[in-house]
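What follows is the residue order along each chain.
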Amino acid sequence: MNILKNADGSPKRMSDQNLLLTITIAVFFLMYICAVIFLGSGFLKPQTFFNILNENAALIILSCGMSLVMITGGIDISVGTLTALVCMSCAVNLDYNGGNVLTSLLIALGIGLAFGLIQGYLIAYLEIQPFIVTLVGMFFAKGMTTIVNATQFNVANEEFQALKSTRIIVPFMGAYNKKGVYVPAYVEIGVIVALITVIVLFVLLKWTKLGRGFYAIGGNSQSANMLGINVKRTKFCAYLLCGILAGIGGFVYFLHVGSGSPSHASGAEMNAIASSIIGGTMLSGGSGNIIGTLFGVLSLSTIKNIVSSLGLDEAWWTNITVAAMICLFLVIQSIVLSRKNKAKS
């Protein structure tokens, strides 16, 4: 077996990002295998896994945007209420203003772009704390959602309903139901959008100057500045992308639920932060992996499904389990950080 070695002949140390990614993927597969073994064959059906993707496509996109700003050492707690604002604005446009799917998509992108521009400028160029800026953004989006429409309603627009009902069949993954009828496996359009987002951001972070800049300013902004990286512009781009992704994620969420409501995506920002942490994105910045974020979302959803399958439907059991999971990964991150500090000394 070939073992990678350094120039001095010593075994090559796995990078922090790869180590955290490996741990995240291993934990996800361990949980899923345990669910299959102890909770029945329901978890073994491919559609069960696809349903996790269907239900969390929007969260995957929001979490990817969150990971970008966390890699730079920042945070964005406005993405949940921004999603609700997008849903309500698109719903009102379709049912009350005679709009269509295209104009709704443009509205979603416009809202995300506006939030990204304003919040990015305040954080990057005026150097206001990200938590404060995005907290204001969160309250503003929540208020604007109620101004647009204060009540929940389902969208009746036929063009939108046709798009919402579209299913993409996954070949050879179906199963027979109890009546012996073959039911094909499927994913929603939002899943395709989410996976494309993951791939694009993975390429951005791994092979572009902008992506490397995100890691550099998250690791040490002063050193990044000395290396010739425009720290303010790079940080601005991170929040701009996060805003745009929140707009896209909001539209995907809208496609999934098919309604507008001031309470939509409540707590989505916390789930996005949790998924990023579980996926290996460090709160201190400078480290993270979009593939890890994807598995972070899958792990978070799987643990919730496991708790529900055990009959523990009370909300506190889910919250306690998620809290324990986040604490576990924070401890792992602390160990990795101490490992890095020892290597430097």
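Residues numbered from 1 in each chain as written. Predicted model: local features only at pLDDT ≥ 70, side-chain atom pairs only at ≥ 80, totals over all residues. Heavy atoms only, no water.

Draft legend 1. The arrangement of the overall build of the protein in detail. Tallying secondary structure elements over the protein gives 13 helices and 4 strands in all. Taking 20 Å as the expected radius of gyration for a compact globule of 345 residues, we find that the protein reaches 21 Å, a close match to that expectation. Summarising its shape, the C-alpha atoms of the protein cover approximately 65 × 55 × 35 Å along the three principal directions. Expressed as a percentage of contacts within the protein between residues at least 6 apart in sequence, the contacts between residues at least 24 apart total 74%. As presented, the protein carries roughly 17,000 Å² of accessible surface, and 66% of it is formed by carbon and sulfur atoms. One way to put it: in the protein the 20 positive side-chain charges average out to a point 14 Å from where the 12 negative ones average out. (Helix = DSSP H or I, 4+ residues; strand = E, 2+ residues; numbered from the N terminus. Rg over C-alpha atoms; globule rule 2.2 N^0.38 Å. Contact = heavy atoms within 4.5 Å. Areas by Shrake-Rupley, 256 points an atom, 1.4 Å probe, with all protein chains shown as cover. Lys, Arg positive; Asp, Glu negative; His and termini not counted. Charge placed at Lys NZ, Arg CZ, Asp CG, Glu CD.)

Draft legend 2. Broad picture of the packing of helix α8 (residues 209–219) against helix α10 (residues 231–257). Taken N-terminus to C-terminus, the directions of α8 and α10 make an angle of 105°; their axes are 10 Å apart at the nearest point. By the criterion of interaxial angle, the relationship of α8 to α10 is roughly perpendicular. Touching L210, G213, F214 and I217 of α8 are V231, T234, K235, C237, A238 and L241, all from α10. By residue class, the composition of the contact of α8 with α10 is 7 nonpolar, 2 polar and 1 charged. (Axes fitted to C-alpha atoms, helices over the stretch in contact; angles between N-to-C directions. Parallel < 35°, antiparallel > 145°, perpendicular 65-115°, else oblique. Nonpolar A, V, L, I, M, F, W, Y, C, P; charged D, E, K, R; others polar.)

Draft legend 3. View of the packing of helix α1 (residues 16–38) against helix α12 (residues 290–309). Contact pair α1 / α12: the axes reach a minimum separation of 9 Å and the direction vectors enclose 25°. Here α1 lies roughly parallel to α12, going by the angle between them. With respect to the hand of their crossing, α1 and α12 are arranged in left-handed fashion. Counting all contacts with α1, which are made through L21, T24, I25, F28, F29, M31, Y32 and A35, the residues of α12 involved are I291, G292, F295, G296, L298, S299, T302, I303 and I306. (Left-handed = near helix turned anticlockwise from the far one by under 90°.)

Draft legend 4. Here's a closer look at helix α2 (residues 46–71). In this model α2 runs just 33 Å from its N-terminal to its C-terminal C-alpha over 26 residues, more than 12% under the 38 Å that 1.5 Å per residue would give. If you look at α2, its biggest bend is around 60°, right at N56. Where burial is concerned, most of α2 is hidden: 21 out of the 26 residues are buried. Positive backbone phi, at 95°, marks G73, one or two positions downstream of α2. (Expected span 1.5 Å × (residues − 1). Bend = angle between axes of the 7 residues up to and from the residue. Buried < 20%, exposed > 50% of the residue type's maximum accessible area, 1.4 Å probe, protein only.)

Draft legend 5. Expanded view of the pattern of salt bridges. Following the criterion strictly, the structure yields 1 salt bridge and no others. Among the salt bridges present, the one from K232 reaches E127, with a minimum N-O distance of 3.9 Å. Here K232, found in helix α10, pairs with E127, found in the loop between α4 (101–124) and α5 (130–148); they are 105 residues apart in sequence, far enough to count as distant. By relative accessible area, which is 36% here, K232 ends up partly exposed. (Salt bridge = Lys/Arg side-chain N within 4 Å of Asp/Glu carboxyl O.)

Draft legend 6. Highlighting the packing of aromatic side chains. A complete count under the given rule lists 16 aromatic pairs for this structure. One aromatic cluster is present, built from ring pairs that chain together F28, F29, Y32, F43, F49, F50 and F295. Taking NZ or CZ as reference, K206 lies 5.7 Å from the ring centre of W207, over its face. (Phe/Tyr/Trp six-rings, centres within 6.5 Å; stacked < 30°, edge-to-face > 60°. Lys NZ or Arg CZ within 6 Å of the ring centre and 35° of its normal.)

Draft legend 7. Quick peek at the layout of surface pockets. Taken as a whole, the largest pocket spans an internal volume of roughly 460 Å³. In terms of lining, the largest pocket is formed by 26 residues, of which the most central are E55, N56, A57, L59 and Y253. Elements that contribute at least two residues to the lining of the largest pocket include exactly α2, α6 (158–164), α7 (189–207), α10, α11 (268–278) and α12. No other element matches the 7 residues that α2 contributes to the lining of the largest pocket. Split into classes, the residues belonging to the lining of the largest pocket amount to 13 nonpolar, 9 polar and 4 charged. By volume, the second largest pocket is sized at about 250 Å³. Along the walls of the second largest pocket sit 14 residues, with I123, E127, I128, P130 and K235 positioned nearest its centre. Those elements that provide at least two residues to the lining of the second largest pocket are α4 and α10. For the lining of the second largest pocket, the leading source of residues is α10, giving 4 residues. Here the residues of the lining of the second largest pocket are counted per class, giving 6 nonpolar, 5 polar and 3 charged. (1 Å grid on protein atoms, 1.4 Å probe; cavity = no way out; pocket = protein on both sides within 12 Å on 5 of 7 lines; lining within 4 Å. Points joined across faces, edges and corners; volume = space filled by probe spheres on them.)

Draft legend 8. Just a nonpolar patch on the surface, in detail. Where nonpolar side chains cluster on the molecular surface, the patch consists of Y121, Y125, L126, I128, F131, I132 and V136 and spans about 650 Å² of accessible area. Looking at the nonpolar patch, the element that brings in the most residues is α5, giving 3 residues. Mapped onto the secondary structure, Y121 falls in helix α4. (Patch = residues over 30% accessible without salt bridge, like charges linked within 9 Å, V, L, I, M, F, W, Y side chains within 5 Å.)

Draft legend 9. Quick look at unusual backbone geometry. Phi angles above zero are rare outside glycine, and E127 is one such case at about 55°. E127 gets classed as exposed once you look at its relative accessible area, which sits at 58%. For F172, which is not a glycine, the phi torsion comes out positive at approximately 65°. Assignment of secondary structure puts F172 in strand β2 (residues 167–176). Accessibility expressed as a relative area gives 81% for F172, which makes it exposed.

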